[in-house]
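Chain by chain, the residues run as shown.
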Amino acid sequence: MRTGSRVLLVLLLPVWGSAAAHNGDLTVRPTCKPGFSEEDYTAFVSQNIVEGQKLLKVKFNNCAGNKGVRYETNSLDFKVRADGTMYAAHQVQMPSKQLILMVTAWDPQTLGRWEAIVRFLVAEKSQHNGHKPKGRKSVAGEVVQQQSDTLLPWRQHQSANGLRRQKRDWVIPPINVPENSRGPFPQQLVRIRSDKDKEIHIRYSITGVGADQPPMEVFNIDPVSGRMYVTRPMDREERASYHLRAHAVDMNGNKVENPIDLYIYVIDMNDNRPEFINQVYNGSVDEGSKPGTYVMTVTANDADDSTTANGMVRYRIVTQTPQSPSQNMFTINSETGDIVTVAAGLDREKVQQYIVIVQATDMEGNLNYGLSNTATAIITVTDVNDNPPEFTTSTYSGEVPENRVEVVVANLTVMDRDQPHSPNWNAIYRIISGDPSGHFTIRTDPVTNEGMVTVVKAVDYEMNRAFMLTVMVSNQAPLASGIQMSFQSTAGVTISVTDVNEAPYFPTNHKLIRLEEGVPTGTVLTTFSAVDPDRFMQQAVRYSKLSDPANWLNINATNGQITTAAVLDRESDYIKNNVYEATFLAADNGIPPASGTGTLQIYLIDINDNAPELLPKEAQICEKPNLNVINITAADADIDPNVGPFVFELPSVPSAVRKNWTITRLNGDYAQLSLRIMYLEAGVYDVPIIVTDSGNPPLYNTSIIKVKVCPCDENGDCTTIGAVAAAGLGTGAIIAILICIIILLTMVLLFVVWMKRREKERHTKQLLIDPEDDVRDNILKYDEEGGGEEDQDYDLSQLQQPETMDHVLNKTPGVRRVDERPIGAEPQYPIRPVIPHPGDIGDFINEGLRAADNDPTAPPYDSLLVFDYEGSGSTAGSVSSLNSSSSGDQDYDYLNDWGPRFKKLADMYGGGEED
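Because the structure is a prediction, the values reported are computed rather than measured.

(A) Molecular detail of the environment of N387. Positionally, N387 belongs in the loop between β31 (372-382) and β32 (390-391). On the basis of relative accessibility, which here comes to 8%, the residue N387 falls in the buried class. Each C-alpha atom of the pair N387 and W425 lies 8.7 Å from the other, and the pair is 38 residues apart in sequence. Residues in contact with N387, not counting those within four places in the same chain, are E349, D416, R417, D418, N475 and L479. Here R417 takes part through its side chain, which lies 2.9 Å from a polar atom of the side chain of N387.

(B) Representation of the sheet that holds strand β51 (residues 647-649). On the basis of which strands lie adjacent, the open sheet formed by 4 strands has the order β49-β55-β54-β51 and mixed pairing. What marks the edges here is a single partner per strand, and that holds for β49 (618-622) and β51. The mean angle between the axes of side-by-side strands here comes to 35 degrees, regardless of whether they run parallel or antiparallel. Where β51 lies against strand β54 (residues 683-692), 3 bridges are found, and the strand directions are antiparallel. Looking at the pairing, F648 lines up with V691 of β54.

(C) Representation of the sheet that holds strand β47 (residues 595-605). Reading across the sheet, the 4 strands line up as β41-β47-β46-β43 and stay open at both edges, with mixed pairing between neighbours. Looking at the sheet topology across the chains shown, the edges are occupied by β41 (511-516) and β43 (541-547). On average, adjacent strands in this sheet sit at an angle of 30 degrees to one another, irrespective of strand direction. Across 6 bridges, the pairing between β43 and strand β46 (residues 579-588) is antiparallel. Within β46, the position partnered with S544 by the bridge is L585.

(D) Structural view of the confidence of the model for the protein chain. With 77% of its residues at a pLDDT of 70 or more, the protein chain shows a mean pLDDT of 79. Contacts of residues 798-805 to residues separated by more than four positions or lying in other chains number 7 contacts, the stretch itself having pLDDT below 50.

(E) Representation of the state of the cysteines. Evaluated as defined, the whole model comprises 2 disulfides. Each sulfur of the disulfide joining C32 and C63 lies 1.7 Å from the other. Across the S-S bond linking C32 and C63, the dihedral sits near -95 degrees, which makes this disulfide left-handed. Taken as a pair, C32 in the loop between β1 (7-10) and β2 (35-36) and C63 in the loop between β6 (60-61) and β7 (70-73) lie far apart in primary sequence, 31 residues in all. In this model, C622 is linked to C712 through a disulfide, with the two sulfur atoms separated by 1.8 Å. Sign of the S-S torsion, about -105 degrees for the bond between C622 and C712, identifies this disulfide as left-handed.

(F) Representation of the packing of aromatic side chains in the model. Following the criterion strictly, the structure yields 19 aromatic pairs and no others. Each ring, one from F276 and one from Y281, has its centre 6.4 Å from the other, and the planes form 70 degrees; the classification is edge-to-face. One exposure class covers both F276 and Y281, and it is buried. Pairing F440 with F467 gives two aromatic rings, centres 5.1 Å apart and planes at 75 degrees, and the pair type is edge-to-face. Here F440, found in strand β37 (residues 440-444), pairs with F467, found in strand β39 (residues 466-475); they are 27 residues apart in sequence, far enough to count as distant.

Reading the values: rules and limits
- Residues numbered from 1 in each chain as written.
- Predicted model: local features only at pLDDT ≥ 70, side-chain atom pairs only at ≥ 80, totals over all residues.
- Heavy atoms only, no water.
- Helix = DSSP H or I, 4+ residues; strand = E, 2+ residues; numbered from the N terminus.
- Buried < 20%, exposed > 50% of the residue type's maximum accessible area, 1.4 Å probe, protein only.
- Contact = heavy atoms within 4.5 Å.
- Polar contact = N/O pair within 3.5 Å; in protein donor to acceptor, adjacent residues only side chain to side chain.
- Pairing = 2+ DSSP bridges.
- Axes fitted to C-alpha atoms, helices over the stretch in contact; angles between N-to-C directions.
- pLDDT = per-residue confidence, 0-100.
- Disulfide = S-S within 2.5 Å.
- Phe/Tyr/Trp six-rings, centres within 6.5 Å; stacked < 30°, edge-to-face > 60°.

Following this line, the structure appears as structure tokens:
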């Protein structure tokens, strides 16, 4: 590519983007309108901006000489001097390729405000011929504009040889295209031309998003003239900017110039209304809140450019319902959408909810030019405990029977204007005075909020005939700050007690008395009397026995005196831990009568009335001494001191006891019995032993112990023979027992053999059993219904000589009668193998076959057997004419009407032809 070539770019500004030049020949000057000379300023800056660097100058005219006009920006990084020069307040690093600011001019005399948009674009520096010149610094923001609106891509300097091109590309200013243009389309945006088009034919093209990338063909270019067009209306909300590259090539496709970057910005138009995030907002505020209390925030978004007035949303309250106590109870921050209270007087008991219509308008809230939308804010006034509960009356009364509990005697009603069923409304009742013993409590009805005065501890008419209670009511939640309790939060409750017939009671219950066992019948034990609590009623009390397990006691019906009806025995089974219990009933004669029970406990003191006993009653010992002994124990039903230590001794009579046996005391309760002599014949001996307790006076008892003396083995255990001998059986008795056992076993064996043989005979004999006695598979005749129409007139001759037997009677010679075997040789049939068949049926068939084969009178296999003859002719006709074929003309559909038993026949013959 030649380095000496030039490129000439001609920027044709569209009619909507350029300002018309003032014609100096005009004689009529237009009317002055305050404002900036441009609505949108654009400047090219470098990436790094030093402090104090001048960037651009905005022009403003207030039609009054600009006296006192002040400039402001919405950024702390940039400031504007009084002459409109915009500079950097400190060193700035540009964050992106584009920075958009808002400059505001403020006239303090008229209080007017005007705004303009400033765009800072970071200049992109491309190198020519692929290298960057050394020793040169670029000057940011430097724009050379000629009167013919032609931008040269390289700066040119005057020299002796004329103009020469600097090897540095220009950055083409961005092209602003307003959205929603009505056309006609295509509309020309810019013309690109290279100065080489005088020498060769140049073809121009553009690439990038909107040209050859989706969205396709938004922009196109005339490849010959270089004019670039927009083909359809733009939508900034769909895409705000486009970055294209312009290319210039010759007819062979060779690059003539370096590609040029084209930035196209879609200028925002106010074509979108603000949209609230929600159509209905819900918030709450406590009643009694002070002005300035935050309630809620509403938010609306505008799809337009938020850096311009098109997307700057402002809020205001349109209406408030209800307008009580003021029509302006709330206000809204126009920029943030925060709703706060502006007036005092919020009272939930008067107004529980406010409905506020909020309007959002763009164009900074300008109702003349901006677009608006509305939403509903529902503000609920939440309850606080600013109303103390109050009784509906100052006194309440009630009545309660004595001795009753869990009875509601009075209902206390209160009024609370706070929100029902909330802690600010729920009532809590307390008894302040009048019930020192705690007979009453007050419970709250969760539905009605009433106080239910309930008896929790029985009251006694004889002690208190009436109660005067003072009660107080409060809420679960404490009262709000500054709210005092009302005088009506306390009330008096009068409760009258009514007298009822109370049951007599035993003052000492259970009553315990102590006495020795064995007292005689009729002894007076004690007086078990009851007290009637009804002091103001003249009533008589009578006594009766309710429970006396051993029937040992009697009670006087009038005074309650207890006497014995039998001797009390401490060793009885009715005694538990030396105590006997009986229950008595005391009943008055009131209306209705009432009764009470009392328990009498009698502790029986033991006396020595039971002699000791020895255990065990039977024992076993070897016939030789020094092998084992018998341990004996003394037991006494009495208790200490009427028990051990016991004295064990053998009686002197009979003398053989002390001669053969000896007893040795081990301790107070145990002793050992052993043989005194060297050998004692085996047998059973009754050994008497005298045992005496330590009671006062002492009691003794002679106990007999049956001792079995037997031969023992080396371990000291009795042998089997020895045990039998010791049981008193002689040798003859033992032999007799053994013979009986052998005979019994022999009889059992013979019976088993006989049963086996009988079973075998039953299987081998012929099975000619009477059919009536055979319980196996047989045909049983239950009834005989007759033989048809001619069953009353039998022709017995037909049975003797049937007409149909002529061909049989005319048999060939050699056969004597019909039912005998032929004399000639019989055919030989193969012998069937005899296979054992389980059960009697197989045996029966085999036996019958064998009998038939061996019976000479049995008919041959191929002879005609005549069993019976019923006669000729019948009015019923023959059943052989029935045809089971389904091809006949008979209609069998009527079988469906005969019930479920004929359903199978109906399915077989009915229903017509099968498919």
